[in-house]
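# Descriptive structure summary
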Amino acid sequence: MASAHSLRRTPVQQRSAERLTRILNACAELLDETGYEDLSTRAVAARAGVPIGSVYRFFGNKRAMAEALAHRNLDTYAERVTARIAALTAADRRGVVDAVLDEYLAMKRTVPGFALVDFGYCIPVAAPAAGANREVADRLAELLSGHLGRSADAALRRTTLIAVEAADALLQLAFRVDPSGDAEIITETRELLYAYLARVLD
(Lines give C-alpha, C1' and ligand atoms only; values in the text may rest on other atoms or scores of the structure.)
Protein backbone atom coordinates (compact mmCIF):
# COMPACT_ATOMS: atom_id res chain seq x y z
CA MET A 1 0.00 0.00 0.00
CA ALA A 2 1.23 3.49 -0.80
CA SER A 3 1.90 5.91 2.04
CA ALA A 4 -1.27 7.79 2.92
CA HIS A 5 0.38 11.19 2.64
CA SER A 6 1.17 10.59 -1.05
CA LEU A 7 -2.50 9.91 -1.87
CA ARG A 8 -5.36 12.28 -2.54
CA ARG A 9 -7.69 9.70 -1.07
CA THR A 10 -6.94 6.62 1.01
CA PRO A 11 -8.84 3.54 -0.18
CA VAL A 12 -11.30 2.19 2.35
CA GLN A 13 -12.95 -0.68 0.50
CA GLN A 14 -11.11 -3.73 -0.79
CA ARG A 15 -12.13 -2.92 -4.34
CA SER A 16 -10.52 0.53 -4.14
CA ALA A 17 -7.36 -0.92 -2.60
CA GLU A 18 -7.09 -3.44 -5.45
CA ARG A 19 -7.57 -0.65 -7.99
CA LEU A 20 -4.80 1.37 -6.37
CA THR A 21 -2.52 -1.66 -6.51
CA ARG A 22 -3.24 -2.10 -10.22
CA ILE A 23 -2.48 1.58 -10.85
CA LEU A 24 0.85 1.41 -9.04
CA ASN A 25 1.77 -1.86 -10.78
CA ALA A 26 1.01 -0.25 -14.15
CA CYS A 27 3.07 2.80 -13.22
CA ALA A 28 6.03 0.58 -12.30
CA GLU A 29 5.83 -1.40 -15.55
CA LEU A 30 5.62 1.75 -17.67
CA LEU A 31 8.56 3.34 -15.89
CA ASP A 32 10.69 0.41 -17.02
CA GLU A 33 9.32 0.53 -20.56
CA THR A 34 9.18 4.27 -21.28
CA GLY A 35 11.05 6.07 -18.50
CA TYR A 36 9.67 8.88 -16.40
CA GLU A 37 9.55 11.58 -19.08
CA ASP A 38 7.16 9.62 -21.31
CA LEU A 39 5.05 8.32 -18.43
CA SER A 40 1.50 9.64 -18.45
CA THR A 41 -1.53 9.20 -16.22
CA ARG A 42 -3.56 8.24 -19.28
CA ALA A 43 -1.11 5.46 -20.20
CA VAL A 44 -1.15 4.22 -16.60
CA ALA A 45 -4.95 4.14 -16.59
CA ALA A 46 -4.99 2.18 -19.86
CA ARG A 47 -2.40 -0.34 -18.61
CA ALA A 48 -4.22 -0.75 -15.30
CA GLY A 49 -7.58 -1.17 -17.04
CA VAL A 50 -9.22 1.60 -15.03
CA PRO A 51 -10.91 4.89 -16.02
CA ILE A 52 -8.61 7.92 -16.00
CA GLY A 53 -10.78 9.35 -13.24
CA SER A 54 -9.71 6.49 -10.98
CA VAL A 55 -6.08 7.56 -11.34
CA TYR A 56 -6.92 11.17 -10.48
CA ARG A 57 -8.99 10.01 -7.53
CA PHE A 58 -5.71 8.88 -5.94
CA PHE A 59 -3.03 11.02 -7.61
CA GLY A 60 -2.83 14.58 -8.88
CA ASN A 61 -0.04 13.84 -11.36
CA LYS A 62 2.61 11.34 -12.35
CA ARG A 63 5.08 12.68 -9.76
CA ALA A 64 2.62 11.73 -7.02
CA MET A 65 2.40 8.23 -8.50
CA ALA A 66 6.19 7.91 -8.47
CA GLU A 67 6.24 9.08 -4.86
CA ALA A 68 3.61 6.52 -3.89
CA LEU A 69 5.54 3.80 -5.69
CA ALA A 70 8.69 4.75 -3.77
CA HIS A 71 6.83 4.46 -0.46
CA ARG A 72 5.43 1.08 -1.47
CA ASN A 73 8.95 -0.06 -2.39
CA LEU A 74 10.24 0.99 1.02
CA ASP A 75 7.44 -0.88 2.78
CA THR A 76 8.16 -4.00 0.72
CA TYR A 77 11.89 -3.71 1.39
CA ALA A 78 11.35 -3.36 5.14
CA GLU A 79 9.10 -6.43 5.12
CA ARG A 80 11.68 -8.48 3.23
CA VAL A 81 14.54 -7.43 5.51
CA THR A 82 12.41 -8.10 8.60
CA ALA A 83 11.65 -11.62 7.40
CA ARG A 84 15.34 -12.29 6.72
CA ILE A 85 16.72 -11.04 10.03
CA ALA A 86 13.98 -12.75 12.04
CA ALA A 87 15.75 -16.03 11.31
CA LEU A 88 19.13 -14.71 12.51
CA THR A 89 20.69 -14.46 15.94
CA ALA A 90 21.68 -11.05 17.25
CA ALA A 91 25.31 -12.21 17.05
CA ASP A 92 25.16 -12.85 13.31
CA ARG A 93 26.16 -9.31 12.27
CA ARG A 94 27.30 -10.38 8.82
CA GLY A 95 23.98 -12.06 8.25
CA VAL A 96 22.20 -8.81 9.10
CA VAL A 97 24.35 -6.84 6.64
CA ASP A 98 23.79 -9.51 4.01
CA ALA A 99 20.02 -9.31 4.51
CA VAL A 100 19.97 -5.53 4.16
CA LEU A 101 22.19 -5.53 1.07
CA ASP A 102 20.90 -8.67 -0.66
CA GLU A 103 17.24 -7.67 -0.43
CA TYR A 104 18.04 -4.29 -1.97
CA LEU A 105 19.97 -5.95 -4.82
CA ALA A 106 17.18 -8.45 -5.42
CA MET A 107 14.61 -5.66 -5.68
CA LYS A 108 16.89 -3.58 -7.89
CA ARG A 109 17.16 -6.47 -10.33
CA THR A 110 13.60 -7.82 -10.29
CA VAL A 111 10.98 -5.33 -9.06
CA PRO A 112 9.35 -3.33 -11.88
CA GLY A 113 10.08 0.39 -11.72
CA PHE A 114 12.57 -0.02 -8.86
CA ALA A 115 15.62 0.72 -10.99
CA LEU A 116 14.30 4.23 -11.62
CA VAL A 117 12.45 5.07 -8.43
CA ASP A 118 13.68 2.71 -5.67
CA PHE A 119 12.93 4.57 -2.38
CA GLY A 120 13.38 8.08 -3.71
CA TYR A 121 10.88 10.04 -5.70
CA CYS A 122 12.79 13.15 -6.75
CA ILE A 123 12.32 13.56 -10.49
CA PRO A 124 14.37 13.77 -12.70
CA VAL A 125 15.78 10.49 -11.53
CA ALA A 126 19.38 11.73 -11.62
CA ALA A 127 18.59 14.31 -8.93
CA PRO A 128 19.11 13.32 -5.30
CA ALA A 129 15.93 12.34 -3.51
CA ALA A 130 15.97 14.70 -0.56
CA GLY A 131 15.13 12.82 2.60
CA ALA A 132 14.79 9.41 0.97
CA ASN A 133 17.98 7.98 2.45
CA ARG A 134 17.09 9.35 5.88
CA GLU A 135 13.72 7.61 5.67
CA VAL A 136 15.40 4.34 4.67
CA ALA A 137 17.94 4.74 7.47
CA ASP A 138 15.22 5.42 10.05
CA ARG A 139 13.32 2.29 9.02
CA LEU A 140 16.50 0.19 9.17
CA ALA A 141 17.48 1.67 12.54
CA GLU A 142 14.11 0.61 13.94
CA LEU A 143 14.57 -2.91 12.55
CA LEU A 144 18.11 -3.16 13.89
CA SER A 145 17.13 -1.87 17.33
CA GLY A 146 14.47 -4.55 17.62
CA HIS A 147 16.86 -7.24 16.45
CA LEU A 148 19.64 -6.13 18.79
CA GLY A 149 17.38 -5.45 21.76
CA ARG A 150 18.53 -1.83 22.12
CA SER A 151 16.93 1.53 21.60
CA ALA A 152 16.98 3.30 18.24
CA ASP A 153 18.87 6.21 19.78
CA ALA A 154 20.58 9.09 18.01
CA ALA A 155 23.89 7.20 17.74
CA LEU A 156 22.29 4.17 16.06
CA ARG A 157 20.28 6.39 13.70
CA ARG A 158 23.39 8.38 12.76
CA THR A 159 25.45 5.24 12.15
CA THR A 160 22.68 3.72 10.05
CA LEU A 161 22.28 6.91 8.01
CA ILE A 162 26.01 7.04 7.25
CA ALA A 163 25.94 3.38 6.21
CA VAL A 164 22.91 3.95 3.95
CA GLU A 165 24.46 7.04 2.33
CA ALA A 166 27.75 5.24 1.70
CA ALA A 167 26.06 2.12 0.33
CA ASP A 168 23.77 4.20 -1.87
CA ALA A 169 26.70 6.00 -3.50
CA LEU A 170 28.65 2.78 -4.05
CA LEU A 171 25.69 0.83 -5.40
CA GLN A 172 24.87 3.64 -7.81
CA LEU A 173 28.45 3.29 -9.06
CA ALA A 174 28.09 -0.51 -9.30
CA PHE A 175 24.99 -0.21 -11.49
CA ARG A 176 26.56 2.49 -13.67
CA VAL A 177 29.55 0.24 -14.36
CA ASP A 178 27.35 -2.79 -15.05
CA PRO A 179 23.55 -2.69 -15.55
CA SER A 180 23.21 -5.82 -13.42
CA GLY A 181 25.53 -4.48 -10.71
CA ASP A 182 29.32 -4.80 -10.82
CA ALA A 183 30.15 -7.82 -8.66
CA GLU A 184 33.50 -6.50 -7.42
CA ILE A 185 32.10 -3.13 -6.34
CA ILE A 186 29.23 -4.89 -4.58
CA THR A 187 31.74 -7.12 -2.76
CA GLU A 188 33.71 -4.06 -1.65
CA THR A 189 30.49 -2.39 -0.51
CA ARG A 190 29.62 -5.45 1.56
CA GLU A 191 33.08 -5.44 3.21
CA LEU A 192 32.76 -1.74 3.98
CA LEU A 193 29.39 -2.30 5.66
CA TYR A 194 30.69 -5.30 7.63
CA ALA A 195 33.54 -3.19 9.02
CA TYR A 196 31.61 0.02 9.67
CA LEU A 197 28.54 -1.56 11.25
CA ALA A 198 30.53 -3.98 13.42
CA ARG A 199 30.60 -1.48 16.27
CA VAL A 200 26.81 -1.39 16.57
CA LEU A 201 26.09 -4.98 15.55
CA ASP A 202 28.68 -6.68 17.76
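Look up a bit, the structure's there.
What counts and how
Residues numbered from 1 in each chain as written. Predicted model: local features only at pLDDT ≥ 70, side-chain atom pairs only at ≥ 80, totals over all residues. Heavy atoms only, no water. Helix = DSSP H or I, 4+ residues; strand = E, 2+ residues; numbered from the N terminus. Buried < 20%, exposed > 50% of the residue type's maximum accessible area, 1.4 Å probe, protein only. Salt bridge = Lys/Arg side-chain N within 4 Å of Asp/Glu carboxyl O. Contact = heavy atoms within 4.5 Å. Bend = angle between axes of the 7 residues up to and from the residue. Polar contact = N/O pair within 3.5 Å; in protein donor to acceptor, adjacent residues only side chain to side chain. Axes fitted to C-alpha atoms, helices over the stretch in contact; angles between N-to-C directions. Parallel < 35°, antiparallel > 145°, perpendicular 65-115°, else oblique. Nonpolar A, V, L, I, M, F, W, Y, C, P; charged D, E, K, R; others polar. Lys, Arg positive; Asp, Glu negative; His and termini not counted.

Okay, the overall build of the protein chain next. A count of helical and extended segments in the protein chain gives nine helices and zero strands. Moving toward the C terminus, one meets the helices and strands of the protein chain in the order α-α-α-α-α-α-α-α-α. The buried share of the protein chain, taken over its 202 residues, is 45%.

Another aspect to go through is the pattern of salt bridges. Applying the stated criterion across every chain yields a total of 11 salt bridges. Measuring nitrogen to oxygen at the nearest pair gives 2.9 Å for the salt bridge that ties R190 to D102. Of this pair, R190 sits in helix α9 (residues 183–201) while D102 sits in helix α5 (residues 93–110); the two residues are 88 residues apart in sequence, bridging distant segments of the chain. Assessed through its relative accessible area of 17%, R190 is described here as buried. Relative accessible area serves as the criterion here: at 26%, D102 is assigned to the partly exposed category. A salt bridge links R157 to D138; the nearest nitrogen and oxygen atoms lie 3.4 Å apart. Residue R157 is found in helix α8 (residues 154–177), and its partner D138 is found in helix α7 (residues 132–148); the two are separated by 19 residues along the sequence. Here the salt bridges share partners, and the residues they tie into one network are R80, R84, D98, D102, E103 and R190.

To continue, consider the side chain of E103. Within the element layout of this structure, E103 appears in helix α5. On the accessibility criterion, E103 (10% relative accessible area) is buried. E103 has contacts with Y77, R80, V81, R84 and D98, leaving out every residue within four places of it along the chain.

Attention now goes to α9. Along α9, the largest kink reaches about 30° and is centred on A195. Among the residues making up α9, those that are buried are I185, I186, T189, R190, L193, Y194, L197, A198, V200 and L201. Where α9 is buried, its residues meet α5, α7 and α8.

Within the fold, H147 resides in helix α7. For H147 and A86, which are 61 residues apart along the polypeptide, the C-alpha to C-alpha distance reads 7.6 Å. H147 has contacts with I85, L88, T89, A90 and V96, leaving out every residue within four places of it along the chain. From its side chain, H147 meets the backbone oxygen of T89 in a polar contact 3.2 Å long.

For the rest of this paragraph, the subject is the packing of helix α1 (residues 14–34) against helix α4 (residues 62–86). Between α1 and α4, the least distance of the axes is 10 Å, while the angle of their chain directions is 100°. For the element pair α1 / α4, the angle class is roughly perpendicular. Contacts between α1 and α4 pair T21, I23, L24, N25, C27, A28 and L31 from the former with M65, A68, L69 and R72 from the latter. When grouped by side-chain class, the residues that make up the contact of α1 with α4 number eight nonpolar, two polar and one charged.

Bringing the side chain of K62 into the picture now. Tracing the chain through its elements places K62 in helix α4. Of the side chains bearing the opposite charge, E37 lies closest to the buried K62, which forms no salt bridge; the N-O distance is 5.0 Å. A polar contact is formed between the side chain of K62 and the backbone oxygen of Y36, at a distance of 3.0 Å. A polar atom in the side chain of K62 sits 3.1 Å from the backbone oxygen of E37. What K62 contacts, discounting residues up to four positions off in sequence, is Y36, E37, L39 and T41.

As a further point, take unusual backbone geometry. Non-glycine residue D118 carries a positive phi angle of around 30°. The residue D118 is located in the loop between α6 (114–117) and α7 in this model. Accessibility expressed as a relative area gives 18% for D118, which makes it buried.

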